[in-house]
Amino acid sequence: MTSTTVHPAVRRALLWLGVAAVVAYCLAPFYWMLVSSLRRTSDIFDNSLFPSRISFENYRAVLDPSQEFGRALLNSLVVAGITTVCALLLATFTAYAMARLEFRCKRFVLTLIIATSMFPVVSIVVPLLKMFVGFGWINTYQAMIVPSMSFTLPLAVWNLTAFFRQMPDELEHAAMIDGCTRGQAFRKVIIPLAAPGIFTTAIITFIAAWNEFLIALSMTNKPDIQTAPVAISKFAGATRFETPFGSQMAAGVLVTVPLVVVVLLFQRRIVAGLTAGAAK
Amino acid sequence: MLTTHNPPDSLDRPEAKSRADAARRAFSGRPRKATSGEGGLAALLVSPTLLVLAIVVLYPTIVALKDSFYGTPGLDPKTGFVRDHDPFVGLDNYTGIFGAAGDRFWNAFWNTTFLTVTTVALETVLGVAMALIMHRALRGRAVVRASILVPWAIPTAVTGLLWRWIFNSDGVANTLIGRQILWTTEGFHAKAAVIIADVWKTAPFIGLLVLAGLQVISKEVYEAARMDGAGVLRQFWSITLPLVKPALLVAVLFRTLDALRMFDLPYILIGAQKTSVETLSMLAQDQAANVRFGPAAAYAVILFVYVFLIALAFVRLLGTDLVPRRRTEVPA
């Protein structure tokens, strides 16, 4: 007996409507970016649901060597890639200790590490900017990678700890009973089995690093070292009065599409990774 | 599985003991006792992370605190000579913030607070609604899950650009509502634009976290409630909300602290140095970019203290628990 008097068919229809609304809510702005990027400059203000004529002129404009946008994408790849590798390397060991070993102040240390990720980034950017000016690090990759560790490392530790916790204790003990040292058990049993978790954490960390804006904006002032998010924020037209919306949308699509493809391919795992800490 | 392979006579003492330990642990789910060997190994494994965080977070914070007591180099008003080092100014940066530069600071402070409260409140309501819909949906889950990840994956910088285009005076937002609002100019509509864009980007994320919380609630609880005659609303208030509360509180805490440091979205969507949407992060960054490190550091310290107090309030008043207390399985 259901407590409501709504007919099942009506309820099913409402549910479908709700699902459609959620999907439309999430995808409509993204679709608009895609459609706008495919319009010709002359009909950019059309506001029709489909472009009257599909054109790739915006993409040609963005990828024109004079815009240095390819360079910006490469910079983003270098910064986010190195940040991810460094964060994962340190976080794997730490997360293993957090999930598998018993030691004093464990909860305190883990809380401390996670708390750092909620730190206002600007609070470290301001002093680091001054220090890096002194080091001559402005417009270098390390000036973006080092501060990025402040939020990627806690994120990676948090995610990996949740993954290591899910693995049954017995695996490792069985390996150690068979004569492995703890180090060998870690290398030969835990790491291969945790590979999906490490991979997922790598994706989440990479996306966080790829999307970083404040650090990259503050630490650079030359176009050839800027990351893609900073480069597109500075995309200006030939004149001050004409904003190249079409090119901006095309650039936005180019920055986003790799992430969206990765997200679509590994959606199940990413959702598991993102919610691992929350669903206790 | 643990005891099948070896015949009983081959069991030597320590092996059998550790095996029994492992079996007992697997059974009871209790953490093992701390041993001195594990403590040393743990210190070795954890210290690199702590060292890096000390260098990139703790040390800069201390430097910021120190910098906030220093002024900017330039002409010394007392001697008329050019100084090449930062003069010590004591609390001048702070008194300046609450005095001469007070208007800009308080504006940024209230903007930050207002944007945080409104976005987090809207995101929570919308996120919970989305989670309830997704939880009920039996088919098409993969499509919903994939589409809900899209706003999360789009860089905030691109989100800002995208919504600036949507909110253009000749853009689609004005076409849809049939009005001519200059969204990206100063005024309340600029705040509204930032709120709409931020809610779009992060409500699905909250929905995802709440959905994970919903999925661990067993169906029997609902069935029992229905037997007792509880209606849909009653079930939501008395079962769903209390049971997803831990997951929801963590999500809200994360979102709140993230919103308090909001920077990218107003910076790109509306622009730098716009009174309507300037947040504390934007103010501090603006000062630092103009080589006024002393005041910038003072703003950074104030924001840090603000964020810290809010986090403390969450943990103390609401009992938000960042770290799960016991080892529990996460549903696949």
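About the thresholds
- Residues numbered from 1 in each chain as written.
- Chains lettered and ligands numbered in written order.
- Predicted model: local features only at pLDDT ≥ 70, side-chain atom pairs only at ≥ 80, totals over all residues.
- UniProt positions renumbered as here; feature names shortened; annotations may be inferred.
- Helix = DSSP H or I, 4+ residues; strand = E, 2+ residues; numbered from the N terminus.
- Buried ≥ 20, exposed ≤ 12 C-beta atoms within 10 Å, placed from the backbone.
- Contact = placed C-beta atoms within 7 Å.
- Rg over C-alpha atoms; globule rule 2.2 N^0.38 Å.
- Nonpolar A, V, L, I, M, F, W, Y, C, P; charged D, E, K, R; others polar.
- Axes fitted to C-alpha atoms, helices over the stretch in contact; angles between N-to-C directions.
- Parallel < 35°, antiparallel > 145°, perpendicular 65-115°, else oblique.
- Left-handed = near helix turned anticlockwise from the far one by under 90°.
- Domains from an automatic or database assignment.
- pLDDT = per-residue confidence, 0-100.
- Core = buried A, V, L, I, M, F, W, Y, C linked by C-beta atoms within 7 Å.
- Expected span 1.5 Å × (residues − 1).
- Bend = angle between axes of the 7 residues up to and from the residue.

Chain B appears in an unreviewed UniProt entry as Sugar ABC transporter permease from Streptomyces coacervatus.

Going by an unreviewed UniProt entry, chain A carries the name Carbohydrate ABC transporter permease and comes from Streptomyces coacervatus. Recorded in UniProt under Subcellular location (unreviewed entry), the annotation for chain A is "Cell membrane". Quoted verbatim from the Sequence similarities (unreviewed entry) field of UniProt, the annotation for chain A is "Belongs to the binding-protein-dependent transport system permease family."

Draft legend 1. Region of interest: the overall build of chain B. Each helix and strand in chain B was counted, giving 13 helices and 0 strands. When the helices and strands of chain B are placed in sequence order, the string is α-α-α-α-α-α-α-α-α-α-α-α-α. When each of the 332 residues of chain B is scored for burial, the buried share is 38%. When contacts within chain B are restricted to residue pairs at least 6 apart in sequence, long-range pairs at least 24 apart make up 68% of them.

Draft legend 2. Inspection of the overall build of chain A at higher detail. Within chain A, the regular secondary structure consists of 12 helices and 0 strands. For chain A, the C-alpha radius of gyration of 24 Å lies well beyond 19 Å, the compact-globule estimate for 280 residues. Taken over the C-alpha atoms alone, chain A extends approximately 70 × 70 × 35 Å along its principal axes. Among the 280 residues that make up chain A, the fraction classed as buried is 49%. Contacts in chain A between residues far apart in sequence, at least 24 positions, make up 74% of those at least 6 positions apart.

Draft legend 3. Here's a closer look at the interface of chain B and chain A. With 99 residues of chain B at the contact, the number on the chain A side is 88 residues. In terms of residue count, helix H2 (residues 36-67) of chain B provides more of the side of chain B that touches chain A than any other element does, 17 residues in total. Of the residues belonging to the side of chain B that touches chain A, the class tally is 70 nonpolar, 14 polar and 15 charged.

Draft legend 4. The arrangement of unusual backbone geometry in detail. Phi is positive for Cys-105 of chain A, which is not a glycine, with a value near 60°. Structurally, Cys-105 of chain A can be placed in the loop between helix H3 (69-100) and helix H4 (106-116). The exposed category is assigned to Cys-105 of chain A, around which 11 C-beta atoms lie within 10 Å. The backbone of Gln-273 of chain B shows a phi angle near 55°, a positive value even though the residue is not glycine. Assignment of secondary structure puts Gln-273 of chain B in the loop between helix H11 (264-269) and helix H12 (280-289).

Draft legend 5. Local environment of the environment of Leu-88 of chain A. Residue placement: Leu-88 of chain A occurs in helix H3. Aside from chain neighbours lying at most four places away, what touches Leu-88 of chain A is Ala-156, Ile-198, Thr-201, Ala-202 and Thr-205 of chain A.

Draft legend 6. Here's a closer look at the UniProt feature "transmembrane region" (unreviewed entry) in chain B. Residue and element names in this part refer to chain B. If you check UniProt for "transmembrane region" (unreviewed entry), the listed places come out as residues 40-62, 114-134, 146-166, 192-214, 235-257 and 296-318 in our numbering. From the first C-alpha to the last, residues 146-166 spans 23 Å; its make-up is 90% helix and 0% strand. Counting secondary structure, residues 192-214 comes out at 100% helix and 0% strand; the distance between its end C-alpha atoms is 31 Å.

Draft legend 7. Highlighting the packing of helix H5 (residues 141-153) of chain B against helix H8 (residues 188-215) of chain B. Residue and element names in this part refer to chain B. One can describe the packing of H5 onto H8 by two numbers: an axis separation of 8 Å at closest approach and a directional angle of 130°. By the criterion of interaxial angle, the relationship of H5 to H8 is oblique. Judged by the sense of rotation from one axis to the other, the crossing of H5 with H8 is left-handed. The segment H5 lies against H8, with Ile-148, Pro-151 and Trp-152 engaging Trp-200, Lys-201, Pro-204, Phe-205, Gly-207 and Leu-208. Per-class residue counts for the contact of H5 with H8 are 7 nonpolar, 1 polar and 1 charged.

Draft legend 8. Here's a closer look at the UniProt feature "transmembrane region" (unreviewed entry) in chain A. Residue and element names in this part refer to chain A. Summarizing the sequence annotation, UniProt attributes the feature "transmembrane region" (unreviewed entry) to residues 12-32, 72-96, 108-129, 141-164, 185-210 and 245-266 in the numbering used throughout. Between the end C-alpha atoms of residues 72-96 there is a gap of 35 Å, over a span that is 100% helix and 0% strand. In residues 108-129, helix accounts for 82% and strand for 0%; the two terminal C-alpha atoms are 30 Å from one another.

Draft legend 9. The arrangement of the domain arrangement of chain A in detail. Per the domain assignment, the segments of chain A are domain 1 (8-58) and domain 2 (68-234). Each of domain 1 of chain A and domain 2 of chain A was reduced to a C-alpha centroid, and the two centroids are 35 Å apart.

Draft legend 10. A look at the confidence of the model for chain B. Residue and element names in this part refer to chain B. Mean pLDDT over chain B works out to 79, with 80% of the residues at or above the 70 mark. By mean pLDDT, helix H1 (residues 13-28) is the weakest element of chain B at 46, and helix H4 (residues 102-136) is the strongest at 92. Below a pLDDT of 50 lies the segment residues 1-35, which in the model reaches 27 contacts outside its immediate sequence neighbourhood of four places, other chains included. A low-confidence stretch, residues 326-332 (pLDDT under 50), is modelled with 12 contacts involving residues beyond four sequence positions or located in other chains.

Draft legend 11. Here's a closer look at the nonpolar core. Val-125 and Val-126 of chain A together with Val-210, Ala-284 and Ala-300 of chain B are the most contacted members of the largest nonpolar core, which totals 166 residues. A per-element tally of this core places helix H6 (residues 142-166) of chain A first, with 15 residues. In terms of domain composition, this core takes at least three residues from each of domain 1 (8-58) and domain 2 (68-234) of chain A. Apart from residues no more than four positions distant in its own chain, Ala-284 of chain B is found in contact with Val-122 and Val-126 of chain A together with Ala-296, Tyr-299, Ala-300 and Leu-303 of chain B.

Draft legend 12. Fine view of the environment of Val-125 of chain B. Residue and element names in this part refer to chain B. Mapped onto the secondary structure, Val-125 falls in helix H4. Accessibility expressed as a C-beta count within 10 Å gives 13 for Val-125, which makes it partly exposed. Linking Val-125 and Ala-203, residues 78 residues apart in sequence, is a C-alpha distance of 8.3 Å.

Draft legend 13. Representation of H6 of chain A within the structure. Residue and element names in this part refer to chain A. Counted at 1.5 Å a residue, the expected span for H6 with its 25 residues is 36 Å, and the 35 Å between its end C-alpha atoms agrees. Residue Met-149 marks the point of greatest curvature in H6, where the axis turns by about 45°. With respect to burial, H6 is a largely interior element, 22 of its 25 residues being buried.

Draft legend 14. A look at the packing of H3 of chain A against H6 of chain A. All names here are of chain A. Two numbers describe how H3 lies on H6: the axes approach to 7 Å, and their chain directions differ by 40°. Taken together, H3 and H6 sit at an angle that is classed as oblique. The way H3 lies across H6 gives a crossing that is right-handed. When grouped by side-chain class, the residues that make up the contact of H3 with H6 number 19 nonpolar, 7 polar and 2 charged.

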